[in-house]
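# A look at the structure
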Amino acid sequence: MVELLATSDDGRTVTALDAGSGPNLLVVHPGGGDATAWDGVTRHLTDDFRVVRIRRRIYVPGADIALPHSMAVEAADILAVAELLEPPVLLVGHSSGAVAALEAALLDPSAFAGLFLYEPPMPTKELIAGAAGAHARAALDGGDPVEAMRIHMRDVVRMPAAVVDAMFADRHTRAVLSAYAAAQIADDEAIDALGVGVDRFATLHTPTTLAEGELSPSHLRARLADLAAALPNARIVTLTGQGHVAHLTAPDTLADAVRDMAGRVTGR
């Protein structure tokens, strides 16, 4: 594996992990972690694809997060890395990373041959964070990143409270999540700043696979359905027995779904 370096519109250096060979998959990782979160999925793809995982700037360790963060900045970063790759480039995004991917595709549809978006939490009919996001920001600014992430998991992602309590009872999990709290809350705010509605995607004709987990929070699946209705060339696939974190619980299943999307677009 090697590291790619690109220069974004604002002069910032953007890095990406580069492994494998074949058609290009450009992966935008979810919030709450970094590009290594997709290690398991990547291992199932690199025999057939060149997998390039962008390091989202706010999730790089020690990142200086400029507030307010913007999805437009992330879109520019994605396009900067895409320019380093020979077409066709297939863009893959997960959760908030899928929101950033979708914004990049809208900014320059010609850059990508196809899209695979795993549960982007788009504010289709209501904001993703709203009042809960304000509470999380207050906790973070008050010096309590653990509580900020607890609010994010329970009230923004809408995981069952008992599941969230069990997660935060584990010291290691609590430490990992709190380390990314500043980035995650900025991420939530950037998504809400897009505003409610997805009509602007009616002009995006790029072949798009929208993936959902059978067991995912109902609001994520509803948002996905709203997005599918807005996109003119989209289909929904359901990951049976999975939720929002199939990259951890079933990386082979998620890799197969990505591979199927690639085959439909490239004919390989």
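Look above for the structure.
Now for a quick tour of the structure. (Residues numbered from 1 in each chain as written. Predicted model: local features only at pLDDT ≥ 70, side-chain atom pairs only at ≥ 80, totals over all residues. Heavy atoms only, no water.)

### Topic: helix α4 (residues 130-141)
Note the following rule: Working definition: helices are DSSP H or I runs of at least four residues, strands are E runs of at least two. Numbering for both runs from the N terminus. Expected helix span is computed as 1.5 Å times (number of residues minus one). Three labels apply to residues, based on accessible area from a 1.4 Å probe with only protein chains included: buried if under 20% of the type maximum, exposed if over 50%, partly exposed otherwise in between. This arc is built from the directions going out from the helix axis to the C-beta atoms. A contact between two residues is defined here by any heavy atoms of the two lying within 4.5 Å.
End to end, α4 covers 17 Å across twelve residues, agreeing with the expected 16 Å (1.5 Å per residue, within 8%). What α4 keeps buried is the set A132, G133, A136, R137, A139 and L140. Angular distribution of buried residues about the axis of α4 spans 160°; they occupy a single face of the element. Away from the buried face of α4 by more than 90 degrees, exposed residues A131, H135 and D141 are located. Those residues of α4 that are buried lie in contact with α5 (145-156) and α8 (181-192).

### Thoughts on the side chain of H29
In this fold, H29 is placed in the loop between β3 (24-28) and α1 (39-43). With sequence-adjacent residues up to four places away left out, H29 is seen in contact with D34, A35, I54, R55, R56, Y59, H94 and G97.

### What to know about the layout of surface pockets
Selection criterion: Cavities and pockets are found on a 1 Å grid laid over the protein atoms alone: a cavity is a set of points where a 1.4 Å probe fits but cannot escape, a pocket is an open set with protein on both sides within 12 Å along at least five of seven lines, and a lining residue has an atom within 4 Å of such a point. Grid points are joined across faces, edges and corners, and a volume is the space filled by probe spheres set on the points. Three categories are distinguished: nonpolar for Ala, Val, Leu, Ile, Met, Phe, Trp, Tyr, Cys and Pro, charged for Asp, Glu, Lys and Arg, and polar for the others, with Gly belonging to the last.
There is about 840 Å³ of room inside the largest pocket. Around the largest pocket sit 39 residues that line it, and G31, M153, H244, V245 and H247 are the ones nearest its centre. Breaking the lining of the largest pocket down by element, the ones donating at least two residues are α5, α6 (161-169), α7 (171-179), α8 and α10 (246-249). Partitioning the lining of the largest pocket into residue classes produces 20 nonpolar, 15 polar and four charged.

### As for the pairing of strand β2 (residues 13-20)
Here is the rule we go by: A pair of strands is labelled paired if DSSP reports no fewer than 2 bridges between them.
Counting buried residues along β2, six of its eight residues qualify, which places the element largely inside the surrounding structure. Inspection of the sheet shows strand β1 (residues 2-7) paired to β2 by six bridges, in the antiparallel sense. Looking across to β2, one finds that L4 is bridged to A16. Where β1 folds back onto β2 in an antiparallel hairpin, the turn is made up of five residues, including G11, whose phi is positive at roughly 85°. Pairing between β2 and strand β4 (residues 50-54): five bridges, direction antiparallel.

### Observations concerning the packing of aromatic side chains
Here is the rule: Two aromatic rings from Phe, Tyr or Trp, using only the six-membered ring of Trp, form a pair when their centres are within 6.5 Å; if the ring planes differ by under 30 degrees the pair is stacked, by over 60 it is edge-to-face, and anything between is tilted.
The full count for this structure, using the stated rule, is one aromatic pair. Measuring from centroid to centroid gives 6.0 Å for Y59 and Y180, while their planes differ by 45°, and the two rings are tilted. Taken as a pair, Y59 in the loop between β4 and α2 (71-82) and Y180 in the loop between α7 and α8 lie far apart in primary sequence, 121 residues in all. Residues Y59 and Y180 agree in their burial class; the two are buried.

Structural measurements only, silent on function.
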